[in-house]
Amino acid sequence: MLLETFHFDASRGFSLEPFPALDSEQTLVLLFGAPEYLDHPRPIQGLSRAYPRSHFIGCSTSGEIFGTRVSDQSISIAVARFKYSTLRTATAPAGKGPASLMAGESLARQLLLPGLRGVFVLSDGLQVNGSELLRGLSSVLPTSVLITGGLAGDGDRFQRTWVIKDRTPQAGFVSAVGLYGDRVRLGHGSKGGFNLLGPPRRVTRSTGNVLFELDGQPALPLYQPYLGALCGDLPAAGRLFPLTLLSDSDQDPVVRTLLSVDPARQSLTFAGDIPEGSRAQLMCANVDRLIEGAAGAAKMSRSALRDGDRPLAIAISCVGRRRVLKERAEEEVEATREVLPEQAQQIGFYSYGELSPQVKSPCALHHPTLTLTTIVEV
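The residue numbers shown here count from 1 along each chain, following its written sequence. It should be noted that, the model being predicted, local features are given only for residues of pLDDT at least 70 and side-chain atom pairs only at 80 or more, the latter also being counted only at that level, while totals for whole chains, interfaces and linings use all residues. As a rule here, side-chain values cover all heavy atoms of the structure and leave hydrogens and water aside.

Q: Help me get a handle on the environment of Ile57, residues and values and all.
A: Residue placement: Ile57 occurs in strand 4 (residues 55-60). As for Ile57 and Asp166, which are separated by 109 residues in sequence, their C-alpha atoms are 9.3 Å apart. Whether two residues touch is decided by their heavy atoms; if any such pair falls within 4.5 Å, the residues are in contact. Leave out the neighbours within four places in its chain, and Ile57 touches Leu28, Val29, Leu30, Leu31, Phe120, Leu122, Ile164, Ser175, Ala176 and Val177. Elements are defined by DSSP. Helices are runs of H or I of four residues or more, strands are runs of E of two residues or more, and each kind is numbered from the N terminus.

Right, dumping it as structure tokens:
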């Protein structure tokens, strides 16, 4: 696999020109760009013209990761030409509720061909239920196929996001690339880094991603005392206090970020489903532990690599983590880069949700987590 990564910003242009001569039907062009490139797609159009035969996939962000740098209003790009492996891309309309399930099923059916090893998914971050999208993918794909990816971002605005469809940025779609063949090797890692707070409680009433009751009591009054002086800053302060869903079986917990509160119904709305009957526990942010969690995700993904590998590493971190880390955000991508092989090349983005398996669990929707996908050909 021949791999080059480079960067674009409006003031300096592309960091690498001319573009690497890697165009082929076995080439993947992966890009993560600022939301404004939906209206000003000229740099993306330039990439498309340079790689007419290649497979294009990408999405908008809440911050672009390039190596150990985090930036805004830019584009991070990876171009990988495979020697032995083949690729196939697919798209489907995004939509909430049943439409998300149908989008996942559609993508999986388009990609389910002999030799499929992994599917990397990028979705509109606002017009989708990530849990249902994954349910649709998993209902069609065999468990041997690795699913990773993320939900597109829009900075702090939460107004519109885009993914690459037909080689251009468009809102309202889900896209994916399938990787095929015995020579492609994929790794994954996923870690949070928040501290547990308060006792675990049973979800006694919920609908989708709206939580009404814990242990038979209204959710909002139970949640508010833990925030202290930050209580008046809801829902923004809620990003510092996510909820973890604890499994009653031998499965890893998943984390949900607060999106909104409804004082009239005393409910909490999270970025992902809160199943009735599950156990939940509040968490609080700890900057140092978040950075340690990033390094832990990299260690998990490195277990699939061998000495001398030159992988593409795709880091996807939650926008909530960036808000907590603030000026220390680059420390978490520095932590992942320190763990990865010296020859690895890393790009990524800050997202509205992360898709990755954990140690004991199949692929799940995560918030606010850092995930890593590594791709190498042997």
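Don't stop here, the text continues.
Q: Any chance you could break down unusual backbone geometry for me, citing the residues and the numbers?
A: A negative phi angle is the norm for most residues apart from glycine, just as the trans form is the norm for most peptide bonds. The step from Glu17 to Pro18 runs through a cis peptide bond, and the omega angle for that step is -5°. Although it is not a glycine, Lys326 sits at a positive phi angle of roughly 55°. Its location among the elements puts Lys326 in the loop between helix 6 (319-325) and helix 7 (329-339). Exposure categories follow from relative accessible area, calculated using a 1.4 Å probe and restricted to protein chains: below 20% of the type maximum is buried, above 50% is exposed, and the middle band is partly exposed. By relative accessible area, Lys326 is classed as exposed at 59%.

Q: Let's hear about the side chain of Ser131: which residues, and what values?
A: Along the chain, Ser131 turns up in helix 3 (residues 130-140). Apart from residues lying up to four places away in sequence, Ser131 is in contact with Arg256, Gly272, Asp273 and Leu365.

Q: Tell me about the sheet that holds strand 25 (residues 353-356), and name the residues and values.
A: Pairing is mixed in the open sheet, where 6 strands are placed in the order 8-13-9-10-25-26. At either end of the open sheet lies a strand with only one pairing partner, and these are strand 8 (86-93) and strand 26 (364-366). Geometrically, the sheet is characterised by an average inter-axis angle of 15° between neighbouring strands, direction not taken into account. A pair of strands is treated as paired once DSSP finds two or more bridges between them. Pairing of strand 10 (residues 146-151) with strand 25, which is carried by 3 bridges, proceeds in the antiparallel orientation. The partner of Gly150 across the bridge, within strand 25, is Glu354. Here helix 2 (residues 98-111) sits on the sheet in contact with strand 8, strand 9 (116-123) and strand 13 (173-180), set at roughly 155° to strand 8. Along the sheet, helix 3 makes contact with strand 9, strand 10, strand 13, strand 25 and strand 26, crossing strand 26 at roughly 155°. Working convention: axes come from line fits to C-alpha atoms, limited for helices to the stretch in contact. Angles between N-to-C directions cover 0 to 180 degrees.

Q: Got a sec to walk through the packing of aromatic side chains? Specific residues and values, please.
A: Stacked, tilted and edge-to-face are the three classes applied to pairs of Phe, Tyr and Trp rings, where Trp contributes its six-membered ring and a pair requires centres within 6.5 Å; stacked means planes under 30 degrees apart, edge-to-face means over 60, and tilted covers the rest. This structure, assessed with the given rule, holds 8 aromatic pairs. Arranged with centres 4.7 Å apart and planes meeting at 50°, the rings of Phe8 and Phe14 form a pair that is tilted. Pair check on accessibility: Phe8 and Phe14 agree, each one buried. Within the aromatic cluster, the residues linked to one another by ring pairs are Phe6, Phe8, Phe14, Phe19, Tyr37 and Tyr51. Both a distance and an angle decide whether a charge sits over a ring: NZ of Lys or CZ of Arg must be within 6 Å of the ring centre and within 35 degrees of the ring normal. One residue, Arg183, lies across the ring of Tyr84, its end atom 3.8 Å from the ring centre. The side chain of Arg322 reaches across the aromatic face of Tyr350, ending 5.7 Å from its centre.

Q: I'd love a proper account of the packing of helix 5 (residues 287-302) against helix 7, names of residues and values included.
A: Running from amino to carboxyl end, helix 5 crosses helix 7 at an angle of 30°, the nearest separation of the two axes being 8 Å. The angle between the axes of helix 5 and helix 7 places the two elements in the roughly parallel class. Helix 7 is crossed by helix 5, and the crossing has right-handed handedness. Contacts from Leu290, Ile291, Ala294, Ala295, Ala298, Lys299 and Arg302 of helix 5 reach helix 7 at Glu331, Glu332, Ala335, Thr336 and Val339. Its residues assigned to classes, the contact of helix 5 with helix 7 comprises 7 nonpolar, 1 polar and 4 charged. Roughly parallel refers to an angle under 35 degrees, roughly antiparallel to one over 145, roughly perpendicular to one between 65 and 115, and oblique to any angle outside these ranges. A crossing counts as left-handed when the near helix is turned anticlockwise from the far one by less than a right angle, and as right-handed when that turn is clockwise. Under the grouping applied here, Gly and all other residues not named as nonpolar or charged are polar, the nonpolar ones being Ala, Val, Leu, Ile, Met, Phe, Trp, Tyr, Cys and Pro and the charged ones Asp, Glu, Lys and Arg.

Q: Provide a residue-level description of the pairing of strand 4, including the pertinent values.
A: Where burial is concerned, most of strand 4 is hidden: 6 out of the 6 residues are buried. Of the two faces of strand 4, the one lined by His55, Ile57 and Cys59 and the one lined by Phe56, Gly58 and Ser60 are each fully buried. Inspection of the sheet shows strand 3 (residues 27-33) paired to strand 4 by 6 bridges, in the parallel sense. Bridge pairing in strand 4 places Leu30 opposite Ile57. Every crossover in which the path from the first strand over the helix to the second runs clockwise, viewed with the strands pointing away from the viewer, is termed right-handed. You can see the chain leave strand 3, run along helix 1 (residues 42-50) and come back into strand 4, and the turn it takes is right-handed.

Q: Provide a residue-level description of the state of the cysteines, including the pertinent values.
A: Disulfides are covalent bonds that link the sulfur atoms of two cysteine residues. By disulfide we mean two sulfur atoms from cysteines, separated by a distance within 2.5 Å. Taken as a whole, this structure holds 0 disulfides when the rule is applied. Just so you know, Cys318 is unpaired, no disulfide at all, and the nearest cysteine sulfur is the one on Cys59, 13 Å from it.

Q: Tell me about the sheet that holds strand 27 (residues 370-377), residues and numbers included.
A: A sheet is described by the order of its strands in space; here 6 strands give the open sequence 6-5-24-23-27-14, paired in mixed fashion. Because the sheet does not close on itself, it has two edges, and the strands there are strand 6 (69-71) and strand 14 (184-191). If you compare each strand with its neighbour and ignore which way they point, the axes differ by 15° on average. Where strand 5 (residues 64-66) lies against strand 6, 3 bridges are found, and the strand directions are antiparallel. Looking at strand 6, one finds that Phe66 is bridged to Arg69. Most of the contacts of helix 5 go to strand 14, to which it runs at about 155°, and overall it touches strand 14 and strand 27.

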